[in-house]
Amino acid sequence: MGGTGTPALAAGPVKGASEVDDSALAGTSGGTLSAWRGATPAFALEGLDGKTYALSQYRGRVVIVNFWATWCGPCRNEIPAMGEVVRQYRARGLTLLAVNYKEPAATVKPFVDKLPIDGTVLLDANGAVYKRFGSLGLPATYLVDRAGNARFWRMGELEWTDVGLHGHIEALLTQKGGAAA
């Protein structure tokens with residue numbers, strides 16, 4: 001446990017994470033982002049539209065990679081606020097990749113029709129990408145800089161109006177090459 005009564009979150013990929021563990025998220029709602037350490041997993045996934053999307057094709061943009069599922073209450077809670085943030089910064093280069101965890105398109109499509117996601121919805125059908133990011137629960141959010149490097153992450157629901165989160169986004173949007181300041 002961290003000094004605040006909140007579980008300490010290791011930065012970087014966690015080896016051996018294989019399934020969603022909601023117990024790992026106890027007391028983590030609304031917190032801030034942690035620095036990411038380690039390599040950023042490359043991935044290409046099928047989108048809800050049937051096209052393939054690779055993280056590498058978003059170089060030059062700041063990307064929110066958000067892992068979520070239709071059955072995840074905190075995921076559903078943060079979708080509207082996350083969309084507001086994406087719309088606020090889109091013209092400056094922010095993009096959302098909403099990566100659904102292990103659900104078929106037949107489940108995801110009707111959900112997105114009712115609760116639109118302001119970004120590209122990707123399907124991680126077997127959970128392999130989620131596992132490579134070392135995620136332990138849902139939602140899991142990663143901020144990727146313009147050079148394609150994960151810089152910050154959070155396991156659990158984010159408070160999308162938090163000034164600290166906006167500060168991280170602003171810093172990444174301002175960096176020209178995506179390198180650490």
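The rules we used
Residues numbered from 1 in each chain as written. Predicted model: local features only at pLDDT ≥ 70, side-chain atom pairs only at ≥ 80, totals over all residues. Heavy atoms only, no water. Buried < 20%, exposed > 50% of the residue type's maximum accessible area, 1.4 Å probe, protein only. Helix = DSSP H or I, 4+ residues; strand = E, 2+ residues; numbered from the N terminus. Pairing = 2+ DSSP bridges. Phe/Tyr/Trp six-rings, centres within 6.5 Å; stacked < 30°, edge-to-face > 60°.

K.L.:
Go over the pairing of strand E7 (residues 140-144) with me, naming the residues and quoting the values.
P.N.:
For E7, the tally of buried residues reaches five of five residues, placing the bulk of the element in the interior. By the alternation rule, side chains of E7 split into Ala140, Tyr142 and Val144 and Thr141 and Leu143, which are all buried. Across five bridges, strand E4 (residues 62-68) lies against E7 in antiparallel orientation. When the sheet's bridge partners are listed, Asn66 is paired in E7 with Thr141. Pairing of E7 with strand E8 (residues 150-155) involves five bridges; the strand directions are antiparallel.

K.L.:
An account of the packing of aromatic side chains is needed here, citing residue identities and associated values.
P.N.:
Taken as a whole and judged by the stated rule, the model has 11 aromatic pairs. Seen in terms of ring centroids, Tyr142 and Trp153 are 5.8 Å apart; in terms of plane orientation they differ by 20°. Their pairing is stacked. Of this pair, Tyr142 sits in strand E7 while Trp153 sits in strand E8, and the two are 11 residues apart along the sequence. For the pair formed by Tyr142 and Trp153, the shared burial category is buried. By the ring-pair criterion, three or more aromatic residues cluster together here, those being Trp36, Phe43, Phe67, Tyr101, Tyr130, Phe133, Tyr142 and Trp153.

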